[in-house]
Amino acid sequence: MRPTPRPSDFTAECRTAVAAAEAAGALLRSRFPDGFAARPKGALGDVVTDLDLLAESMVVDRIRADYPHDRVLAEESGDLGGDDGGCGRTWLVDPLDGSNNVVIGLPVYVVGIALCVEGAPVVGVVHDPVTGRTWSARRGAGAHGPAGPLAPARRPPSSAGPLLAWTQGHAVRRDDPAVRALRHTLELGSRRLLQLWAPLVAWAMLARGDIDGFVGYRAEAVDLPAGALLAREAGVVLCGLDGGEFTAGFTGPDTDRSFVAGRPEVLPSLLDLVAAATPLPGRAPQGRAGTSATG
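Thresholds, definitions, all that
- Residues numbered from 1 in each chain as written.
- Predicted model: local features only at pLDDT ≥ 70, side-chain atom pairs only at ≥ 80, totals over all residues.
- Heavy atoms only, no water.
- Helix = DSSP H or I, 4+ residues; strand = E, 2+ residues; numbered from the N terminus.
- Buried < 20%, exposed > 50% of the residue type's maximum accessible area, 1.4 Å probe, protein only.
- Contact = heavy atoms within 4.5 Å.
- Areas by Shrake-Rupley, 256 points an atom, 1.4 Å probe, with all protein chains shown as cover.
- Pairing = 2+ DSSP bridges.
- Axes fitted to C-alpha atoms, helices over the stretch in contact; angles between N-to-C directions.
- 1 Å grid on protein atoms, 1.4 Å probe; cavity = no way out; pocket = protein on both sides within 12 Å on 5 of 7 lines; lining within 4 Å.
- Points joined across faces, edges and corners; volume = space filled by probe spheres on them.
- Nonpolar A, V, L, I, M, F, W, Y, C, P; charged D, E, K, R; others polar.
- Core = buried A, V, L, I, M, F, W, Y, C linked by side-chain atoms within 4.5 Å.
- Arc of directions from axis to C-beta.
- Patch = residues over 30% accessible without salt bridge, like charges linked within 9 Å, V, L, I, M, F, W, Y side chains within 5 Å.
- Salt bridge = Lys/Arg side-chain N within 4 Å of Asp/Glu carboxyl O.

Looking at this structure, how should I read the overall build of the chain?
Regarding its fold elements, the chain presents seven helices and 15 strands. Counting every position in the chain, which comprises 295 residues, the buried fraction comes to 53%. Restricting to contacts in the chain with at least 6 residues of sequence separation, those with at least 24 account for 63%. Summing over all exposed atoms, the chain offers an accessible surface of approximately 12,900 Å²; the carbon and sulfur share of this is 54%.

Could you clarify how one ought to interpret the sheet that holds strand E10 (residues 148-149) in this entry?
Two modes of strand pairing occur in sheets, parallel and antiparallel, and in both the strands are linked by backbone hydrogen bonds. Pairing in this open sheet of eight strands is mixed, and the strands run E4-E3-E5-E6-E7-E8-E9-E10 from one edge to the other. Edge positions in the sheet fall to strand E4 (78-79) and E10, since each has one partner strand and no second. Bridge count for strand E7 (residues 120-128) against strand E8 (residues 133-138) is six bridges, and the pairing is antiparallel. Following the sheet pairing, His127 is matched in E8 by Thr134. The strands that helix H2 (residues 50-66) touches are strand E3 (71-74), strand E5 (89-97) and strand E6 (110-117); relative to E5, the one it contacts most, it runs at about 150 degrees.

What am I meant to see in the layout of surface pockets here?
In this approach, a probe sized like a water molecule rolls over the atoms, and the result shows the empty space that is left. Quantified by volume, the largest pocket comes out at close to 810 Å³. What lines the largest pocket is a set of 34 residues, among which Asp46, Asn100, Gln168, His170 and Trp197 lie closest to the centre. Its residues assigned to classes, the lining of the largest pocket shows 13 nonpolar, nine polar and twelve charged.

Would you mind showing me how to read the side chain of Thr185 here?
Tracing the sequence through the fold places Thr185 in helix H4 (residues 177-189). Non-local contacts of Thr185, meaning those with residues more than four positions away in its chain, are made with Leu273, Ala276 and Ala277.

Can you walk me through the nonpolar core in this structure?
Note on soluble globular proteins: their nonpolar side chains tend to be buried together. Ranked by internal contacts, the top residues of the largest apolar core, which has 40 residues, are Trp203, Phe214, Leu230, Leu238, Phe259 and Ala261. Among the elements of the structure, E6, E8, strand E11 (163-168), helix H5 (199-208), helix H6 (224-233) and strand E15 (259-262) are those that each provide at least two residues to this core. Membership of the second largest hydrophobic core comes to 30 residues, among which are Ala55, Ile63, Trp91 and Ile113.

Mind showing me how you'd approach helix H7 (residues 267-275) here?
Given 3.6 residues to a turn, an α-helix orients residues that are three or four positions apart in the same direction. The set of residues buried in H7 consists of Leu267, Leu270, Leu271, Leu273 and Val274. One face of H7 carries all of its buried residues, which in axial projection span an arc of 155 degrees.

Any chance you could explain a nonpolar patch on the surface here in plain terms?
A contiguous nonpolar patch, built from Val103, Ile104, Leu106 and Trp197 and spanning about 410 Å² of accessible area, is present on the exposed surface. Structurally, Ile104 can be placed in the loop between helix H3 (99-103) and E6. A relative accessible area of 58% places Ile104 in the exposed class.

And the structure:
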């Protein structure tokens, strides 16, 4: 019987995740834009490439080498199981966030890795193979990038509106009336609404202060914890569409993964934009519930 693991600040786990992400990134960079094959994934227009599979195998092997008993949940392979003795440790691996971009030759893609304990993210890593930059965060220890600690820049609001990013889950129908109303409202009320096909890129941009906010509707589970932890540890505030608490977990239905994220000084106006849309699942009947979520 294995002994109960001692409390950890997750420094070693973060090192493993960074090393795995950067190794996978080197592989992706060496094969982009021409050295891969792609095929459809599902019936909703998504794709998978052999780079996804190769990078995923590389990341999983590195995690398994250091933490052989932890559960691993990977984008392409699914639940790879584990035997962590009830410690509730799960690694989430998105080996190529932005596969659709890669297929059309657009260099907007990253590698994302998270470690969750009892469903909550404690380590998050995002690596950009194109620039060679890596951003990482540990719960309670802040977020860091190549130049040191991250903190979103404080700047006066633009008269043209905030610069926002948007994501929606693959299962959301294009004619979903709620998502269409929300996205249209955000487009009208913002300077730009970026739709990058790579949510972890948007999370890194938000953590760096390049954009003002990020709104997600029924987001995908595998990449959410890494990005959300990175942003939170950089000082970004996250909440649900109604302004209530948002856990950024990977379990439960996708209706629990709709969020608004932004710098503290812009979050109230973002929630007002969301509240201007037609009623959405998860919103309190009398309007938004406030900003009670912790950053």
